[in-house]
Structures are given as C-alpha cells and as structure tokens.
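# Fold and geometry: a report
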Amino acid sequence: MGKTAIVKIMERAAGRPVKVGERVWCNIDLASARDFGGANCVLQFEEEMGKDAKVWDPDKVAFTFDLQAPSHSEKVSNNQKIIREFAKRQGIKYLFDINHGIGQHVMLEAGLIKPGDVVLGTDSHMNLLGAVGAFATGVGNSDVAAAYINGINWFRVPETMKIEVTGEFKKGVCMRDLLTYIVGDLGAGGMDFLAVEFTGDTIEKASLSERITLCSMVTEMSGKVPLIMPNGEVLDWMVSRAGEEVIERIKMLSADPDATYYKVLHYDVSKLEPMVSCPDTPDNVKRVRKIEGTKVDQVHIGSCSNGRFEDIEAAYQILMAGGGTVHPEVRTIITPSTREVQIQCVKAGMIEKFLEAGIVFTNPTCSLCTAEHYGALPSGDIGCSTTNRNFLGKVGKGSHTYLMSPMTAMATALKGVITDPRNILEG
C-alpha cells in the first residue's frame, strides 16, 4: 500500500516506519517562538533546566518578533528583551527582530524551511509552511520549551484528505476566493485533525504566494497540516534559498500514486466568484455579490494569508483601475508580510501611489490579526480584512470583520462599501 506525504515525513522524523493513528516521537528540525509567547518559552526552559542549561541545538532554534513590532508597551519590550538576552547567551543566531516581519514568511525567505521539516511554533497558523511541504504545527509554550531540552516532540500520525483543484481563475477572482469557498463548503470542523494534500493543475501552476494563501486557513477548518510539494518556479525559489537538498527531499517525501486517502474532494475554479467570510466566523461564507453595498469603516490588506508582494500588487492594480484614491470615510491600511516584500513594493513604485491615495502603508508585521496592534477597531465599526479570522471583537471589542481577497478589499476601500472587484475591472 502506498504512503501519503505526511506518513513519509513523520517516518523521516521518527527514524522508523509509522502508521496512521500511531503516536510517535519525532526529531524537530526547527523550534520557533514569537515575541508573543517566546518569553514564556524561555522562562519555562530556564525554570526547568536552570539558567546555565543549553538548548539541544542553537542552530535549530529561532525567534521572530512579528505580532507587536515595534513594541507598543513596556511589558512587550521587556518580553522581547528576555528573548534577545537568551538568544545571546545560547548562541542562537536566528533572531529576527522587529524589522523583519511575519515569522513563517521570514524563515522561508531565510532558507530555514525545507520540505519534510518538522517545525514547531507558538502560532496557530504555523502550518501554512505546508505550502512548501513542511510539517509545521502551532503548539503551546511548554511544547517549545520541552523541545529546547532534547529536540523531540510527540505527535499522532494523522489521516490525509486530498483536494484536487482544476480550472483557471477569471479576472477579479483569485486563490483567496477559492480558499474562502472551501472554508464555507467544509465548515469549521471539516478537516478535523487531518493532513491535507492540495493537488491538481491549478495547484501545480500556483505561485508561492498563492500556495501560502491556500494553506493559511486550514487551521480555521480544524486541519492539522496542509501539504503542497514545491515544483516549477516555487521549487527554483526554494532551492535558491534552502539549497539543492530540497530536490531530493521532494523525491523522497512526495505521496505515492497508490496512497490511500480518508477523503478526496474536487474543486473547479473556472466558475468561481469573489467570496467573502461574513461576521463573525470564517465559515460564514457568501458571494460578494450577495452583500454588495454594505458600508465599512476600515480596510486592511496584509497578514500571513495575503501580505506577499503579489497580493499587494493585485490590490494596487485595483486601486489604479478605480481612480487611484480610496474613499475618504474608509481608513485603509496595507501591511507587507516581510521587509523583503516591503523593498519589492518600494522598487515597484507602489508605495508612493498608496500614500497619495490616502492609504497607510506600515512596517512589516502580523498587524491587524488582533486588537493588540495599531488600527484596532472601536465598538460598532465594520472592518474588511485579508486576515484569516473574524471572530467577534478579534480586532476590537464590539467590532465586526468581513474577510476577503486583496482585490475585493481594495475595491471596497475605493467605494466605501463592500464591492465586487469585477465592477472596477470591467469599468
């Protein structure tokens, strides 16, 4: 019987054959922690092992300052200081400070993530690194602290769902719309503890940013990890960052043709429309056309789901097609995912146009994923965002958020009400 990708990945990490449903100890390739939670990982490790204890491998530990960067309070500043001092004592060189951006994206760009890697992180959307075939998972502070001791953690080997995607996106429709459609179709429990392999012609041709978007909300369907093995331009990009080993990893870890799946689903994007997650859950999905005209107070484009250069460029194209100025009553914020993306935007000449349009273009961070960042919504306000969660009050007590693609978000910013981007593109 053939094996799925997740079984092969966990066999590599465990050093022995495994089977679905089994609980196994796996070697960790990278244990990462954010500024939010990272200080607690450090303090738990030192409380258990002593302040002079050493982590199992400083080259397999990383810290990312992405949620509250720069710090907006003394408490956050002190937590960041704890991490900086720990990294210095331990000889940990992978500390991505406040000027780098969203952790998963930054570690990808730095070449720290390879297909088949087992990666821990204090972020519930760590698993979006499955976009390059890694088994990355969000865990608690204690799990990361425990991994510092001997570099292992235990997991249950999950069953695998296979999703085949075919067809070409029409103008004004993109991968975020497919993701939103799937979330609405399967619901909050539709991938309960499953690994999910995304395949098909549409996925084979997808860019890295599209793959990241597709994988970014598997958590919202209760999935364990999405998996897409790199190919084409994505493979070339991975090799340039992480080395030739990537090619051998893909050959070794890709699913067998006769692998057995828990469920196989098919989606054709050729007839897909712009979609939106309505308040106050990601799976409350409707077509944008159904809610057009809803007044909004703020629009945010960014996050680990849609903060790559291609996402911002798509929003820019809508802005230019719609006259180049956002609605005066809509606060519009754009946040690049990383410094590298920010520099790409500078070189492309977009930032000046954004500023002239009345848009706030920020430093690279997780930004408005939560109310713990600048731009939090006041009670009663309606926001539109390209983030991955819209629970009640997520970015401000008493506020409500619609989740949508960068194109739909910018069309909405232009008109002041929720707007189908095809209206802008079609003139």
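Presented here is a report on the structure given in the accompanying data block. (Residues numbered from 1 in each chain as written. Predicted model: local features only at pLDDT ≥ 70, side-chain atom pairs only at ≥ 80, totals over all residues. Heavy atoms only, no water.)

### Some thoughts on the overall build of the protein
Each helix and strand in the protein was counted, giving 17 helices and 18 strands. By the compact-globule yardstick of 22 Å for 427 residues, the protein fits well, its C-alpha radius of gyration being 21 Å. Projected onto its principal axes, the C-alpha coordinates of the protein cover approximately 60 × 55 × 40 Å. Considering the protein as a whole, with its 427 residues, one finds that 58% of them fall into the buried category. For the protein, the share of sequence-separated contacts (at least 6 apart) that also reach a separation of at least 24 residues comes to 76%. (Helix = DSSP H or I, 4+ residues; strand = E, 2+ residues; numbered from the N terminus. Rg over C-alpha atoms; globule rule 2.2 N^0.38 Å. Buried < 20%, exposed > 50% of the residue type's maximum accessible area, 1.4 Å probe, protein only. Contact = heavy atoms within 4.5 Å.)

### Overview of the sheet that holds strand 11 (residues 263–268)
If you walk across this open sheet you meet the four strands as 10-9-8-11, and the pairing is parallel. Taken across any chain shown, the strands that pair with only one partner, and hence form the sheet edges, are strand 10 (225–227) and strand 11. This sheet shows a mean twist of 20° between the axes of neighbouring strands, independent of strand direction. Two elements, strand 8 (residues 160–166) and strand 11, share six bridges in a ladder whose sense is parallel. Looking at strand 11, one finds that E164 is bridged to H266. The sheet contacts of helix 1 (residues 5–14) involve strand 8, strand 9 (195–199) and strand 10, and relative to strand 10 the element is tilted by about 105°. (Pairing = 2+ DSSP bridges. Axes fitted to C-alpha atoms, helices over the stretch in contact; angles between N-to-C directions.)

### Description of the sheet that holds strand 3 (residues 61–64)
Strands sit in the order 4-3-2-5-6 across an open sheet of five strands; the sheet is parallel. The two strands at the open ends of the sheet, each matched to only one other strand, are strand 4 (94–96) and strand 6 (135–138). Strand-to-strand twist in this sheet, taken as the mean axis angle between neighbours without regard to direction, amounts to 15°. When strand 2 (residues 30–34) meets strand 5 (residues 118–121), the two strands line up parallel, connected through three bridges. Across the sheet, the residue bridging to S32 is G121, located in strand 5.

### Quick notes on helix 6 (residues 175–186)
For helix 6, built from 12 residues, the straight-helix expectation of 16 Å at 1.5 Å per residue is met to within 8% by its first-to-last C-alpha distance of 17 Å. Looking only at helix 6, the buried set comprises M175, R176, D177, L178, L179, T180, I182 and V183. Following helix 6 by one or two positions, G187 has its phi on the positive side, about 85°. (Expected span 1.5 Å × (residues − 1).)

### So, the packing of helix 9 (residues 232–242) against helix 10 (residues 245–253)
Across the interface, helix 9 lies against helix 10 with an axial gap of 8 Å and an inter-helix angle of 125°. Judged by the angle between their axes, helix 9 and helix 10 are oblique. Counted together, L235, M238, V239 and A242 of helix 9 and V246, I247 and I250 of helix 10 form the full contact between these two elements. A breakdown of the residues in the contact of helix 9 with helix 10 according to their chemical character gives seven nonpolar, no polar and no charged. (Parallel < 35°, antiparallel > 145°, perpendicular 65-115°, else oblique. Nonpolar A, V, L, I, M, F, W, Y, C, P; charged D, E, K, R; others polar.)

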